[in-house]
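# Structural overview
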Amino acid sequence: LRTKIKKVWIVRCGTFVQRPSGVIVFLCCADESEFRDFVASISMFQHNVKAAHAYPIHVYHDGFLAPAERESALRAAAGPLQLRLESFAFEQGPGAEKAPLRLHTRDGHSWSMGYRNMCRFFSRQIFDRAELKSYDYVWRLDTDSFLFDTLSYDPIDLLHRTGKDYGYMTILAEPDEVVAGLAEAYAAYLTSSGVKEAQPALTKAKNRIFYTNFEVTRLGIWRNDKYAALFRAIDNAGGIYTSRWGDAAIHLLNVAAHVPAERTVRFDDVPYWHQYFVNAPAE
């Protein structure tokens, strides 16, 4: 069956313009603490974000939201938002069979198998989901992404109007241990493919990542042969499971390799809080 999308129109300068085909996605939840964060996050989102009501919101879960009381609590917090709960199973990749169930790193962190499954999900699996095939743009947020003040414009529409492919909040750096070997896998891809980096400045400093708990992107940059080849090279190396290569690092490498700087945008004017990171724009 062909997915039907309701056409939504917006008024700009007295002219009716069709809103871009976009979707908002979350992945929920590892435990009750994350679920409590998500309830607060989605409530804040529907109150503060003007564009929240314009797009369907797909909430992916591996059975966590099956209990009726959890679904009810989430829908109550979301109010009139268009929630679509999507139960699915993670698809593991190379390296998972030999990786420990919990990966301990020298900085005191430990990474569950579920966390590493999530990294692979947001690096590839989500872009292949059948229910997202008809959309052109996706806005991804985490369950503990808090938009704590008014966001009056539509980030998806901004990408569409300005011809951008990727929008991000900020760039950070990962510890060496969790990206060990990733730069080598990336370099091997560039050599074998003959691709010349579109944005070499992004990889000039080591271990850089996009903070992907807030990102807006045109789906076309993930649904093409170039990204398929890049992801295959990274995935086959096994580091997603053996070292905890994250989707944040992998997304930056795709943009660095294939997306020109003029087709990226930083959302530095969005009131946003995620864990230790706070973006509080000056009025």
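A short tour of the structure in this document, coming up.

Reading guide: rules and limits
Residues numbered from 1 in each chain as written. Predicted model: local features only at pLDDT ≥ 70, side-chain atom pairs only at ≥ 80, totals over all residues. Heavy atoms only, no water. Helix = DSSP H or I, 4+ residues; strand = E, 2+ residues; numbered from the N terminus. Rg over C-alpha atoms; globule rule 2.2 N^0.38 Å. Buried < 20%, exposed > 50% of the residue type's maximum accessible area, 1.4 Å probe, protein only. Contact = heavy atoms within 4.5 Å. Areas by Shrake-Rupley, 256 points an atom, 1.4 Å probe, with all protein chains shown as cover. Lys, Arg positive; Asp, Glu negative; His and termini not counted. Charge placed at Lys NZ, Arg CZ, Asp CG, Glu CD. Core = buried A, V, L, I, M, F, W, Y, C linked by side-chain atoms within 4.5 Å. Polar contact = N/O pair within 3.5 Å; in protein donor to acceptor, adjacent residues only side chain to side chain.

Attention shifts here to the overall build of the protein chain. Within the protein chain one finds eight helices and 15 strands. Rg of the C-alpha trace for the protein chain: 19 Å, near the compact-globule value of 19 Å for 283 residues, within the 12% margin. Seen through its C-alpha atoms, the protein chain measures out along the principal axes to roughly 50 × 45 × 45 Å. Per-residue burial over the protein chain gives 52% buried out of 283 residues. Partitioning the intrachain contacts of the protein chain with sequence separation of at least 6 by distance along the chain shows that 82% fall at a separation of at least 24. Accessible surface, the protein chain: about 13,400 Å² in total, of which carbon and sulfur atoms supply 52%. The centroid of the 33 positive side-chain charges in the protein chain is displaced by 6 Å from the centroid of its 33 negative side-chain charges.

Moving on to the nonpolar core. Proteins that are soluble and globular tend to have nonpolar side chains buried together. Of all hydrophobic cores here, the largest spans 51 residues; its most connected members are Tyr 60 and Ile 126. Of all the secondary structure elements, the ones that give two or more residues to this core are strand 3 (22-27), helix 3 (113-123), strand 9 (166-168), helix 5 (182-193), strand 11 (208-210), helix 6 (225-237), helix 7 (239-242) and helix 8 (247-258). No other element matches the eight residues that helix 8 contributes to this core.

Quick look at the side chain of Thr 217 now. Looking at the element boundaries, Thr 217 is found in strand 12 (residues 214-218). Residue Thr 217 is classed as buried on the basis of its relative accessible area of 2%. Among the polar contacts made by the side chain of Thr 217, one reaches the main-chain carbonyl oxygen of Asp 165 at a distance of 3.0 Å. Separated by 2.9 Å, the side chains of Thr 217 and Trp 222 make a polar contact. Leave out the neighbours within four places in its chain, and Thr 217 touches Asp 136, Tyr 137, Val 138, Leu 159, Asp 165, Tyr 166 and Trp 222.

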